[in-house]
Amino acid sequence: PSIRPSLPLRLVSTTPLAPGEQRPLASPDPPENPVDFEFSGGSSEMSDTDEHHFESKADSGASKTYPQQAGAIRKGGHIVIKARPCKVVEVSTSKTGKHGHAKCHFVAIDIFNGKKLEDIVPSSHNCDVPHVDRQDYQLIDITDDGYVSLLTESGNTKDDLKLPTDDVLLGQIKTGFADGKDLILSVMSAMGEEQICAVKEIGGG
Amino acid sequence: MHILSAVILWIEPPNVIAESIRNGGSESEFIDGCHVLLSVASLTSSSLFDNLLKSIRQYGTINLLSALTSEAVKSVLDNQNEEETWGSDALDILLETWNVILGEACADKSPMSADGALAASNLFKIIVESHLKAAADSAFEDSDDAEYFHVSVSKRDEQLALYALIARAAADTTIPFLEQLFSERFARLSQRDVENDPTRTLEELYWLLLITSHVLTDSGEGETLLIPEALQAGFTNVVEVAQHPVVTLSWSIINFSRQCLDPGIRGRYFSPRLMEAVIWFLARWVATYLVPLDVSREIDSVGRHGSQHSRKLLNSFAWDNNQGELVLDFVVLMSMVALTTYQGEIELQTLTCQKLLASVVRRKHTCAYVVQLDSWRDLTRAFASGRSLFSLSGRLQRSLAETLACAASCIKDPEASVQYLRDLMGPVAGCLVENASRSDLKSVAHQPDVIYMVCCLLERLRGAARATQPRTQKVLFEMGHTVMNSLLTLLEVYKNQSEVIYMILKFVVDFIDGQAVFLDGKETSVLMSFCLRLLQIYSSHNIGKVMLSLSSTLRSESQSEKYKDLRALLRLLTNICSKDLVGFLSDSNIEGSPDIAEVIYVGLDIVTPLISLDLLKYPKLSRDYFVLMSHLLEVYPEKVAHLNRDAFGRITGSLEFGLRNQDGDVVERCLTAVNALASYHFKERLGGRGGLGSQVMESEGSNGKLQESISSHFLRLLLQLLLFEDFRMELAGSAADALLPLLFCEQELYQRLVHELLEKEQNPTVKSRLALAFHNLTSSNNLSSTLDRPNRQKFRKNLRVFLGEVSGFMQIK
């Protein structure tokens, strides 16, 4: 008998559902004339954003990982292996015996330290998928002890990140900064860990 | 005949010879003997072939063939040693011999002799028994062999199809034989102890289903599948439907399959692998035996006896007593089961969507029936608003959406057809719109489950877009229109998630692909405005930030991500600029309609800075890019010619790069593009206008940087390529087309270059030959100074002759 996994997804809806409440069918009204869509976002819902106070992701306690069926994770997706957030570089399926059930063999790279990790999971089981975030910050300063000072969207500074260890990246940052260029650093974060992963220069194009 | 008696010793008696080969004897004579049989079979009719041996033996040649083939089969299956190939080599030859004989027997309409049929029947029994044994023996092996994984593998299919031919030659015995084997195994499964492991039986059933499917049906993607002729003609003694072996075998298998709907039984022995075989069998059976009524009616029933009667019977039995309808209902129910309870079984689910359901939906008569079923309605509802089908992989969701949407075309009532699609895709579109309008979108957008949901929805939209047909075009446009604004929102929100961006772009590409030929002026305008906004937003995220460096873990993947994005973008631009769409825009007076040129400019503005020469090394990307470029330059040379300096420079730079590409297709497109540019320039100048005069190209000259016109630059380049670099002759035509207008534009330069070339040539013989060749190039065949077709054809001839003449001595330099 096959294991029935709990469904990992919830349909995202605008109104929160009471437990056990079924999501009503959304049926579109067939337009008589094509509806005039204005991409200026002038709907009343958008103006609500001013009234809502959103906690930043780091504080919100939102799940750092989400369950997803192994069979649905593809190459290029993310997966947690041995508690490390990884990017999948290869997926192959095999079976537990010819008449058994399918299992997925994942080969993945740790997104922070580049180490190769592998895992074999039955396709119907749930795996954890990490919430990987990328944010761009402007570089303000590099401290003597190897930390960077970054400007956040809200105008505050973020000072808790060290310079990256990757030589090429490090070199570009140091040189660019010394040359007085305006640099944007991309910071990747997942499962409570953060790292600078890219540097871009403003201008050009 | 003589040949046969000469080689007979090499191949007879088969079992003795085979044994001696296994013990180390040489196999070459045996193989040669088999080759002889094949050659003889190709030269004679089947009855003559059979009779050949009878003059020196008491049995016919077919008997010998049968015995030989048995030996070959046994040796292949017993012997797992890969180095010894004589068995499979012999088998290939012998099966081909059967193919020839049986093919002829069919064509001649001369049935095989009684002992020939008996020989075939015996052979088939041995084949099946050997394979069943091999299957049972291997049931517990874990193999990495890709062959065992899939129900359909071309090499194995070929072999099974040849076995099937043999079976059909003696169908009146082989079909009941198969049925017997099935019954035994079905009984084994249902009567066994709960503890006993059914794996061996399941593996045997797997193989039986494959071979039986080949016997009962032919393959043929998308064709109308006919019931195999040998089966239609082969049962002359059958009077009652219930007696017909094909009928009883079919129902036996189908009734067994029905048990998979029972959860208890399903869990006990309907393994994913067995389900795959069943589904594959059903897909082919449904496509073959549910014969459209008008076809079966054509088959006259002449009397109650004879082959005509059994032929008609076979063509109509499936629909008797509502059985056909019940089978179709079962097919839908089984599909639901496969898609919802076999979680993670991608192979099975893919077969369900792409073989079984597709086979039902693609045929009008079965589709028209199926769309009215309750079970179908349950399936579409589960898809539209249920959760269970969201766990399917993205590609499957796309497939399923396409299959379900296709069914709309078979609903006769136009209003009902439209409503069906609205019910199917409305919730999908609505869900996307609702998600995109969430006030807290930014804070939840990057959670993996939301990304997954968004991607699933996009895949579904893509699938539906692919099912666009004349009857469904308007309502699918409506679907696309509904989500346009949301897509723009998502493009903004997910600017750092290349997976989502890619999916959005792919949807738009597929959408335009499906819709382009049908759109009216107003719809085109709406679509263009959307595309323009799309491109602008995409561009704003990607321009202005020059990527300096990436961490090593990101470096390689980023390149391939950018590459996928760009390919989708290129396809999008190519589709937008398709003539179907453009025709409307230039004619229409619709207010607010964007100028096609604007769309192109924006598009090119985005694309050209992002396409580095590095990226152009990816073959697929470079092909897509040059398809777009050559297309744009052919259709809108004037618009491209007036791009700003940098943008135009990038384009010509990439053309230069492309002219030296490995891929001949790319080179050809670049030549087309150069032709377009040069021809435009020539025609403009002829009309007294500037043409490309304002555009210059910089290149390194002997005195530092030179600036020269486009035409002179490409003239030099092209001559260089033709004379001094590897040039493929098959591209000579395109090269001629590019060279001719360049010559006209730069006559003075051309004369100078030729002169320089001749001066450099030391060898007097070579020099005079070269001079003559050049002379002929521009004056043979009454070449004139126009770009009309006849003149172009003349120049193509001239160039081919020229290249042939000079290739000998030019390359050596």
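All values reported here derive from a predicted model rather than from experimental measurement.

Here is what the cut-offs are and how they apply
Residues numbered from 1 in each chain as written. Chains lettered and ligands numbered in written order. Predicted model: local features only at pLDDT ≥ 70, side-chain atom pairs only at ≥ 80, totals over all residues. Heavy atoms only, no water. Helix = DSSP H or I, 4+ residues; strand = E, 2+ residues; numbered from the N terminus. Expected span 1.5 Å × (residues − 1). Buried < 20%, exposed > 50% of the residue type's maximum accessible area, 1.4 Å probe, protein only. Patch = residues over 30% accessible without salt bridge, like charges linked within 9 Å, V, L, I, M, F, W, Y side chains within 5 Å. Areas by Shrake-Rupley, 256 points an atom, 1.4 Å probe, with all protein chains shown as cover. Salt bridge = Lys/Arg side-chain N within 4 Å of Asp/Glu carboxyl O. Lys, Arg positive; Asp, Glu negative; His and termini not counted. Charge placed at Lys NZ, Arg CZ, Asp CG, Glu CD. Axes fitted to C-alpha atoms, helices over the stretch in contact; angles between N-to-C directions. Parallel < 35°, antiparallel > 145°, perpendicular 65-115°, else oblique. Left-handed = near helix turned anticlockwise from the far one by under 90°. Contact = heavy atoms within 4.5 Å. Nonpolar A, V, L, I, M, F, W, Y, C, P; charged D, E, K, R; others polar. UniProt positions renumbered as here; feature names shortened; annotations may be inferred. Domains from an automatic or database assignment. Buried area = accessible area lost by both parts, 1.4 Å probe. Pairing = 2+ DSSP bridges. Core = buried A, V, L, I, M, F, W, Y, C linked by side-chain atoms within 4.5 Å. pLDDT = per-residue confidence, 0-100.

The terminal C-alpha atoms of helix 27 (residues 498-515) of chain B, which comprises 18 residues, lie 25 Å apart, in line with the 26 Å expected from a rise of 1.5 Å per residue. Judged by how many residues are buried, helix 27 of chain B sits mostly within the fold: 16 of 18 residues are covered.

Residues and elements named next belong to chain B. Together, Glu27, Glu84, Asp89, Asp92, Glu96 and Glu158 make up a negatively charged patch on the protein surface. Per-element tally for the negative patch: the top contributor is helix 6 (residues 86-108), with three residues. Of note, glutamate 84 is situated in the loop between helix 5 (61-78) and helix 6. Judged by its relative accessible area of 34%, glutamate 84 falls in the partly exposed class.

Residue and element names in this part refer to chain B. Relative to each other, helix 11 (residues 199-216) and helix 15 (residues 272-289) sit at 15°, their axes nearing to 9 Å. Looking at the two axes, helix 11 sits roughly parallel to helix 15. Helix 11 and helix 15 meet at a crossing whose hand is left-handed. Contact with helix 11, carried on its side by Leu202, Glu203, Leu205, Tyr206, Leu209, Leu210, Thr212, Ser213, His214 and Leu216, involves Arg273, Leu274, Ala277, Val278, Trp280, Phe281, Arg284 and Tyr289 of helix 15 and no other residues of that element. Residue classes in the contact of helix 11 with helix 15 are distributed as twelve nonpolar, three polar and three charged.

To continue, consider the UniProt feature "domain: Translation initiation factor 5A C-terminal" (unreviewed entry) in chain A. Within this numbering scheme, the UniProt entry marks residues 131-200 of chain A as carrying the feature "domain: Translation initiation factor 5A C-terminal" (unreviewed entry). From the first C-alpha to the last, residues 131-200 of chain A spans 23 Å; its make-up is 17% helix and 53% strand.

Turning our eyes to something else, we now look at the pattern of salt bridges. All names here are of chain B. Overall, the coordinates contain 34 salt bridges over all chains when judged by the stated rule. Ionic pairing is found between arginine 311 and glutamate 229, a salt bridge with its closest N-O pair at 2.9 Å. Here arginine 311 is found in helix 17 (residues 306-316), whereas its partner glutamate 229 is found in helix 12 (residues 229-233), with 82 residues between them in sequence. Linking aspartate 510 and arginine 466 is a salt bridge whose minimum nitrogen-to-oxygen distance equals 3.2 Å.

Residues and elements named next belong to chain A. Looking at chain A, the domain boundaries give domain 1 (65-130) and domain 2 (133-201). Between domain 1 and domain 2, the C-alpha centre-to-centre distance is 30 Å. With eight residues of domain 1 at the contact, the number on the domain 2 side is seven residues. Taken together, both faces of the contact between domain 1 and domain 2 bury some 620 Å²; the carbon and sulfur share is 71%.

Moving on to the sheet that holds strand 5 (residues 116-122) of chain A. The pairing of strands in a sheet comes from backbone hydrogen bonds and takes either a parallel or an antiparallel form. Residue and element names in this part refer to chain A. Strand order in this open sheet of four strands is 2-3-4-5, and the pairing throughout is antiparallel. Unpaired on one side and paired on the other, strand 2 (78-81) and strand 5 mark the two borders of the sheet. For this sheet, the mean inter-axis angle between neighbouring strands, taken without regard to orientation, is 45°. Bridge count between strand 2 and strand 3 (residues 84-95): four bridges; the pairing is antiparallel.

What follows concerns the packing of helix 9 (residues 154-169) of chain B against helix 11 of chain B. Residues and elements named next belong to chain B. Where helix 9 meets helix 11, the closest approach of the two axes is 8 Å, and the angle between their N-to-C directions is 65°. Taken together, the axes of helix 9 and helix 11 lie roughly perpendicular to each other. Here the hand of the crossing between helix 9 and helix 11 comes out right-handed. Where helix 9 abuts helix 11, its residues Arg156, Asp157, Leu160, Ala161, Tyr163, Ala164, Ala167 and Arg168 lie against Tyr206, Trp207, Leu210, Ile211, His214 and Val215.

In this section: the nonpolar core. In this structure, Phe124(B), Trp285(B), Trp376(B) and Tyr494(B) are the most contacted members of the largest nonpolar core, which totals 284 residues. When sequence neighbours within four positions are dropped, the list of residues in contact with Phe124(B) reads Tyr163(B), Ile166(B), Ala167(B), Thr174(B), Phe177(B), Leu178(B), Ile211(B) and Val215(B). Ile142(A), Ile173(A), Val187(A) and Ile196(A) belong to the second largest nonpolar core, which has 15 residues in total.

Next up on the list: the confidence of the model for chain B. Low-confidence regions, as indicated by low pLDDT, have predicted coordinates that should not be scrutinised in detail. Looking at chain B as a whole, its pLDDT mean stands at 84, while 88% of the residues score no less than 70. Across the interface, the model reports ipTM at 0.71; the global pTM reads 0.79.

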